[in-house]
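Given next are the chains, with one letter for each unit.
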Amino acid sequence: MSCNDYSIIEQTALKYGAAVLYNEEMKHHTTFRIGGPCDVMVKINCEALLCELIEQCEKSGIKYYVIGRGSNVLVSDNGLKGVVLLIGSDFSSVRVEGETIECKAGASLSAVCQVALENSLTGLEFAYGIPGSVGGAVYMNAGAYGGEMKDVVISCKYIDDGKIKEVPLSEMELSYRHSIFSEKNYCITSVKIGLKKGDKVEIKSMMDTLMQKRKDKQPLDYPSAGSTFKRPEGDFAGRLIEVCGLKGTACGGAEVSTKHSGFVINKDNATFSDVLGVIDIVKDKVKKETGVELQCEVLIME
C-alpha cells in the first residue's frame, strides 16, 4: 500500500497528536534487533486513539499488529505489511494508590518495579529485568524466579469491539505463557497490580540479587527475545538442548547461546531466516534424541 492508502490512519493519529512513521525498520523496535520496514507505524498515546485505529483497520480490512517493547517477537526481514500500533513509551504512565499500581500497557516492567521500590511495595521483584512491557507481560503471563504476573495482577482494561472493558484476574485464564488475551483478539490498555507494603532495603536487595542472577546466567550482551522455547512439562528446554550437544549451534549470524542454551541470540547481524534456521535445527534434534517436541515461545511475525 502507498502512504495515501493509510491517509485515514494518519489523520486519526494526528488528531490525537500521535507520531506517525512510514517505512520504519522494525529492528529498531525489537530486542532481537531484527526486522524490516513496516508500512506505517503509529506511536499510541491514549486509549481513545487505540480504539479508533483498531476499528478503522478492521472496517477497512487493513492488517494491523500490536507491538509493545518487542521483547518476545521475531519480525521478518521483509517487514510487515499493514499498520503497527506501537504501545510503548508514549503510553506508559504509572500511578500508585496505596498498595495498588495502575499502569498503561506500554510501561516497561523494570520501570514499574522501580516505582514499586520507591513506594516500598513488595511482590513484583521477580519481574525486575524482564525486558518487556506490562501489557505484553500479562498477555503471556510472564514470570521468572518463582513469580508470575498472575501472582500480582488484580485486573486489566482492554479493547473489545471498539469498547474499553475490564476483566478481573479470575477471568484472565492466566497459566504458563498463556492468557485469555492470547486466545482472543483483545488489546490490553492498562493493568492494575496489587502489592504489599515491605521494607525498601529488602526489596532493593532482592531486585539486585535477581538482576545479578540474570547477568550471570543469561546472554544479556547479545540481542535476543529471551527464552526461545517454552518449558516442556517436567523438564527444561535449556537442559534438553544442552544434552543434545546443541550449545553454540549456529546458522548465519544466529546461535544457540553458549552461556544459556535456552536462548537463541543474534550474535552477528543475524537475519530472520538465520534465527528460524537455528530454531528448526534445535527442534529437530531434540525431537529425534529425546522425543520431546519443543514449542517456540517467541511470536513469529511476517
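Since the model is a prediction, treat every value here as computed from it, not as a measurement.

How each quantity is defined
- Residue numbers run consecutively from 1 along every chain, following the written order of its sequence.
- Where totals are concerned, whole chains, interfaces and linings use all residues; where local detail is concerned, this predicted model gives features only for residues with pLDDT of at least 70, and gives and counts side-chain atom pairs only at 80 or more.
- Note that the side-chain values use all heavy atoms of the structure and ignore hydrogens as well as water.
- Stacked, tilted and edge-to-face pairs are distinguished by plane angle, under 30 degrees for stacked and over 60 for edge-to-face with tilted covering the rest, among Phe, Tyr and Trp rings (Trp via its six-membered ring) whose centres lie within 6.5 Å.
- We count a stretch as a helix when DSSP gives it H or I for four or more residues in a row; a strand needs E for two or more, and each element gets its number in order from the N terminus.
- Residue burial is assigned from relative accessible area. The probe radius is 1.4 Å, only protein chains are included, and a residue is buried under 20% of its type maximum, exposed over 50%, and partly exposed in between.
- Whether a charge lies above a ring is judged from NZ of Lys or CZ of Arg, which has to be within 6 Å of the ring centre and within 35 degrees of the ring normal.
- Buried residues of nine kinds, namely Ala, Val, Leu, Ile, Met, Phe, Trp, Tyr and Cys, make up a nonpolar core once their side-chain atoms join them within 4.5 Å.
- Contacts are residue-level and defined by heavy atoms, with any inter-residue pair within 4.5 Å sufficient.
- Between the N-to-C directions of two axes lies an angle of 0 to 180 degrees, each axis being a line fitted to C-alpha atoms and, for a helix, fitted only over the stretch in contact.
- Oblique is the label for any angle not under 35 degrees, not over 145, and not in the 65 to 115 range, which are roughly parallel, roughly antiparallel and roughly perpendicular in turn.
- Residue classes follow a fixed rule: Ala, Val, Leu, Ile, Met, Phe, Trp, Tyr, Cys and Pro count as nonpolar, while Asp, Glu, Lys and Arg count as charged, and any other residue, Gly among them, counts as polar.
- Strand pairing requires that DSSP identify at least two bridges connecting the strands.
- When two cysteine sulfur atoms are found within 2.5 Å, that pair is recorded as a disulfide.
- Taking the helix axis as origin, the arc is that swept by the directions to the C-beta atoms.

1. Details of the packing of aromatic side chains
Alright, step 1. Following the criterion strictly, the structure yields three aromatic pairs and no others.
Alright, step 2. Between Tyr158 and Phe181 the ring centres are 5.8 Å apart and the planes differ by 70°, which places this aromatic pair in the edge-to-face class. Within this pair, whereas Tyr158 is found in strand 11 (residues 153-160), its partner Phe181 is found in helix 5 (residues 180-183), the two being separated by 23 residues in sequence.
Alright, step 3. Note on Phe181 and Tyr186: the rings are 6.5 Å apart at their centroids and 70° apart in plane angle, and the pair reads as edge-to-face. For the pair shown, Phe181 and Tyr186 are each scored as buried.
Alright, step 4. Clustering of aromatic rings is evident, with ring pairs tying together Tyr158, Phe181 and Tyr186.
Alright, step 5. Stacked on the ring of Tyr176, the Lys or Arg Arg231 has its end atom at 4.4 Å from the ring centre.

2. Things to note about the nonpolar core
General note: in soluble globular proteins, nonpolar side chains tend to be found buried as a group.
Alright, step 1. Counting residues in hydrophobic clusters, the biggest one holds 62 residues, and the most contacted among them are Val42, Val83, Met149 and Phe181.
Alright, step 2. Met149 has contacts with Leu109, Phe126, Ala137, Val138, Asn141, Ala142 and Ile193, leaving out every residue within four places of it along the chain.
Alright, step 3. In this structure, Ala225, Ile279, Val282 and Val286 belong to the second largest nonpolar core, which totals 22 residues.

3. Quick look at unusual backbone geometry
Where the residue is not glycine, phi is negative for most of them; where a peptide bond is considered, it is trans in most cases.
Alright, step 1. Although it is not a glycine, Tyr145 adopts a positive phi angle of roughly 50°.
Alright, step 2. Inspection of the secondary structure assignment puts Tyr145 in the loop between strand 9 (143-144) and strand 10 (147-148).
Alright, step 3. Exposure remark for Tyr145: the relative accessible area of 34% places this residue in the partly exposed category.

4. Re the packing of helix 3 (residues 109-118) against helix 6 (residues 200-217)
Alright, step 1. Where helix 3 contacts helix 6, the axes come no closer than 9 Å and their chain directions differ by 155°. What the angle tells us is that helix 3 and helix 6 run roughly antiparallel. Each of Cys113, Gln114, Leu117 and Glu118 in helix 3 lies in contact with helix 6, whose residues at this interface are Lys200, Ile203, Lys204 and Met207.
Alright, step 2. For the contact of helix 3 with helix 6, the class distribution of residues is four nonpolar, one polar and three charged.

5. A short note on the sheet that holds strand 17 (residues 264-266)
Alright, step 1. Reading across from one edge, 15-16-17 is the order of the three strands in this open sheet, with antiparallel pairing throughout. Each having just a single partner strand, strand 15 (250-251) and strand 17 make up the two edges of the open sheet.
Alright, step 2. Taken together, the three bridges between strand 16 (residues 254-256) and strand 17 define a ladder with antiparallel strand orientation. Looking across to strand 17, one finds that Ala254 is bridged to Asn266.

6. Quick word on the pairing of strand 12 (residues 163-168)
Alright, step 1. Pairing of strand 11 with strand 12, which is carried by six bridges, proceeds in the antiparallel orientation. Each residue of the ladder has a partner; that of Cys156, found in strand 12, is Val167.

7. Some thoughts on the state of the cysteines
Alright, step 1. Tallied over the full model, the rule gives zero disulfides.
Alright, step 2. Note on Cys156: no disulfide assigned, nearest cysteine sulfur contributed by Cys103 at a separation of 8.8 Å.
Alright, step 3. In this structure Cys156 comes out as buried when scored by relative accessible area, which is 1%.
Alright, step 4. No disulfide involves Cys251; its sulfur sits 14 Å from the nearest other cysteine sulfur, which is in Cys296.

8. Section: the environment of Asn119
Alright, step 1. Mapped onto the elements, Asn119 comes out in the loop between helix 3 and strand 8 (121-122).
Alright, step 2. Residues Asn119 and Gln295, 176 residues apart in the sequence, show an inter-C-alpha distance of 39 Å.
Alright, step 3. Every residue in contact with Asn119, bar those within four places of it in the chain, is listed here: Val96 and Lys197.

9. Here's the deal with helix 1 (residues 7-15)
Alright, step 1. By the burial criterion, the buried members of helix 1 are Ile9, Thr12 and Ala13. Across the axial projection of helix 1, the buried residues extend over an arc of 100°, all falling on one side. When the buried face of helix 1 is taken as reference, the exposed residues oriented beyond 90 degrees from it are Gln11, Leu14 and Lys15.
Alright, step 2. On its buried face, helix 1 sits against strand 1 (20-22), strand 2 (38-43), helix 2 (47-60) and strand 5 (80-86).
Alright, step 3. Just beyond helix 1, the residue with positive phi is Gly17, at close to 75°.

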